[in-house]
Structures are given as C-alpha cells and as structure tokens.
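Each chain is listed here by its residues.
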Amino acid sequence: MHPKRVIGILTWRKGQRFGEPDYLRKLVRAGQKLGAEIYLFSHQDVYRKAKKIRGFVPKAGGGWASRWFPWPEVVIDRYRRRVPEYIRLRNSSLFFFANSPFSKKWRVTQLLAKDERVRHWIPETHLYAKKTMASMLARHPLVYVKPGNGSGGKSILRVEHVGQKYLLSGRDKQYQVHMARLDSRMAVENWISRWVAQQRIADGNFLVQQGVDLGLIPGHVADVRVLIQKDEGGEWRVTGSGVRIGKSGSSTSNLHGGGQAFPFAPLIERCFGSKAPHIIRECHLLAHEVASTLEDYFGRMMEFGLDIGVDVNGRVWLIEVNPKPGREVFRQIGEKDTYAKAIERPVQFALHLARSRQSRQVSQRARRAGD
Ligand SMILES: Nc1ncnc2c1ncn2[C@@H]1O[C@H](COP(=O)(O)OP(=O)(O)O)[C@@H](O)[C@H]1O
Ligand SMILES: [Mg+2]
C-alpha cells in the first residue's frame, strides 16, 4: 500500500487558539477523508533539526489533539497575520508551498492595471495624496478611499458627488459608521486628509479609486464574490460565486460589516434579463484571466476570492483580489455542494502537487541511475 501523502497547513496559533478554527477543522477533516496525513501547524511548531513538526488535528468532541508528524511534502499557507516569525519562515526554503506569497493591494492593483490581459477591468487607481484626490473628484462622480493594507471593509470611505453636494460615508477600524455632507471640494479634501491620518494602519498607504456604481439594489452596495481554485489536476476552476449585499446605507458589502449573501445568477437575471448569461460569462473569464496573470507575477497560486463589481450598466470591474479567501458566502446562500467543494479543492490540489513532486523525483533518480 502507498504511504499517505503528508500535507501541512500553516496558520497562526497561540496555545490551542487557532486563526479560523472552524474553517481549518473542516479543511483537516476533508483532507483525512481524501486519505491524506494532514495537520495544522504554526511557526513555533517546526523542529527543523529533528525534521519533525508538532502538528494539530481536531478531536472528536471539540478542541485539538497534538502529536509529532512527519515533515510535510506540501504546505498550504493559511497564515493571515504579518508576524515576523511567519514572514521569515515564508521566505525560507524549508517547505514546498502550494501557494506563493502575495502582495498588498496597491502593488497588485498596479500590476493588473498595467497588464494588457486584464487592465480593462481595473478601475482607475492611484496612491492617495491630497492633489490626486482633487483630480479624481473632478473626474469621477464616485470615488473610494481605502487603506492599501486593510481588510474586511474597514477604514473604507465612499465619496459621492451629487449636484452641489458631496456625500461621504465610511466605516472606521471599529466598524463605526461615519457620514458627512459637505458643500465644497476643499472641505471634502480636508475631511479626507483627516480620515487618512486617523485610519492609517502602521506605516500603510491609502488608495484612491474610481468608484463603481454598485447600485443594482437601490440603497445598498452589492458586489460579486467569485471563488476560483486549482482542481485535482492543477487547472483553474471557478468553484462558485455569490452576491454580497451591504447593510442599508453601508458603503461596503463585506459580510463582516453586516453584509448578506445571495445567489449570483438569479439577481443578475432579474437585473439584466437576456444580457445576464453574457455578464456571468464575463465574470468567469475575468476570474481565469486574473488568476493566470497573477501567477505570472507571483508564482504558483492555489486560490483567489475575487470581489467583482457589476455596475448598473452591466459593466464588469475587478475591485479586489483575496489570496486567502473565506468560504462563508456559499454557506450563507445554502449551496452545500459548492461549500464542500470549496473546502476540498485546496487539499486535492496539494495532493496533486505531492504526487507530481514525487513522480518528478522518481524520474530524476531513474535518469541519474541510467547515466
Ligand atoms: N472602487 C470601488 N467602487 C465601488 N465599491 C467599492 C470600491 N472599492 C471598494 N468598494 C466596496 O467596498 C468593499 C470593500 O472593499 P475592498 O477593496 O474589497 O477592501 P477589503 O479588503 O476591506 O475587503 C467592496 O467589496 C465594495 O463593496
Ligand atoms: Mg474585499
């Protein structure tokens, strides 16, 4: 019998507290069902001299059991905090990772905005500066200001120009809603420069982005989440999609900020009728083009959660790329099979990598023996 393939999942841990315990529990279970030796570990669990890992697996009644595991053939990186020990480990060549390190929003947007294959889907984006803000406000009726290193819709400000007025609305780091109605561009520029100073995360920068009119549902912000993943043969596949609808009056759709998920196709069909299949196809095409373009820059990737905007005219825009996306959308809309697939695929892809690594090693050995 074949020995089991050994897959490690790298994540944050403090004592028995893990980043994303619910998802990781399901990921390990999915891997065990697929026949893998699979476990969680964090940076402090690597014993490189002994070539062993202190790994964790879910216990039947809840909690985690820990024991020694063999060195992983492939590691899935699910670490979501910028801890120095993690960054060091990530930049070392200790492990064979299924997914390469990825960059912050600004660099990713810049790369995509320059690339022929995808740039027509990218809203105009610049680094924030007071002057740039003024010129963006002069050219676009809707502008977003967001941290280049933020997440979950935090610290994002929406600025809308209606008649003689500017309407500003955003959420701060604590998800508190802030709003303002101002009459002059100068007042807006000052308000935003205060916002940026208050909301800055560490030494992070801010982006100013052309706003996409996501008013498919009046009074709400609605955007599309598409999950694209590598399958068991190493090919990109769209696993599923859903629409996230923000709370009434909210400037973002994020589920963490109170947004709710709905199935994608019915909403697009209701809004666009016979144009709907074309729009859905374009979202899938965008996902494939963006995934393969990003791989050219960053190296092998495993999955992306794309935030896609479909504006009121049916035009498709890419808003954000998430390299370690959640799967909650599918659970919320009750697509059980898609949810299960979304959890299985990373393990299937890691198993595929482990198999192809081994067959490469075997053929190299055979070649050497034949020399
Ligand atoms: N340029 C934009 N036009 C319209 N809506 C936007 C824009 N940028 C962000 N949003 C809204 O804010 C949400 C969060 O922005 P995003 O860039 O995805 O940051 P985060 O990392 O916080 O999720 C988006 O899902 C969307 O609803
Ligand atoms: Mg997002």
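Residues numbered from 1 in each chain as written. Chains lettered and ligands numbered in written order. Predicted model: local features only at pLDDT ≥ 70, side-chain atom pairs only at ≥ 80, totals over all residues. Heavy atoms only, no water.

(A) Spotlight on the nonpolar core. Ranked by size, the top nonpolar core spans 48 residues in total, and within it Ile-7, Ile-9, Leu-10, Leu-40, Phe-41 and Phe-95 carry the most contacts. Top contributing element to this core by residue count: helix α9 (residues 336–370), with nine residues. Looking at which domains feed residues into this core, each of domain 1 (6–97) and domain 3 (222–347) supplies at least three. If near-sequence neighbours (up to four positions away) are discounted, Leu-10 is found in contact with Phe-41, Ser-42, His-43, Val-75, Ile-76, Asp-77, Arg-78, Tyr-79, Tyr-86, Leu-89 and Phe-97. Core analysis: the second largest hydrophobic core is formed by 38 residues, Ile-217, Val-224, Ile-245 and Ala-276 among them. (Core = buried A, V, L, I, M, F, W, Y, C linked by side-chain atoms within 4.5 Å. Buried < 20%, exposed > 50% of the residue type's maximum accessible area, 1.4 Å probe, protein only. Helix = DSSP H or I, 4+ residues; strand = E, 2+ residues; numbered from the N terminus. Domains from an automatic or database assignment. Contact = heavy atoms within 4.5 Å.)

(B) Looking closely at the packing of aromatic side chains. Taken as a whole and judged by the stated rule, the model has 13 aromatic pairs. Note on Phe-18 and Phe-56: the rings are 5.3 Å apart at their centroids and 70 degrees apart in plane angle, and the pair reads as edge-to-face. With a gap of 38 residues between them, Phe-18 in strand β3 (residues 17–18) and Phe-56 in strand β6 (residues 52–58) connect regions that are remote in the sequence. Here Phe-18 matches Phe-56 in class, with each residue buried. Judged by centre distance (4.7 Å) and plane angle (50 degrees), the rings of Phe-18 and Trp-64 are tilted. In this pair, Phe-18 sits in strand β3 while Trp-64 sits in strand β7 (residues 64–70), placing the two residues 46 residues apart along the sequence. The pair Phe-18 / Trp-64 is uniform in exposure class, with both members buried. Taken together, Tyr-39, Phe-41, Phe-69, Trp-71, Phe-95 and Phe-97 form an aromatic cluster joined through their ring pairs. Looking at Arg-67, its charged tip hangs above the ring of Phe-69, at a distance of 4.0 Å from the centre. (Phe/Tyr/Trp six-rings, centres within 6.5 Å; stacked < 30°, edge-to-face > 60°. Lys NZ or Arg CZ within 6 Å of the ring centre and 35° of its normal.)

(C) Summary view of the coordination of the magnesium ion (ligand 2). Protein-derived coordination of the magnesium ion (ligand 2) comes from Asp-307 (OD) and Glu-320 (OE), at a distance range of 2.1 Å. One end of the pair, Asp-307, is in strand β18 (residues 303–310); the other, Glu-320, is in strand β19 (residues 316–322), with 13 residues separating them in the sequence. The exposure class assigned to Asp-307 is buried, which follows from its relative accessible area of 4%. Residue class for Glu-320 comes out buried when judged on its relative accessible area of 15%. (Donors = N, O, S within 2.8 Å, 3.2 Å for Na, K, Ca; no water.)

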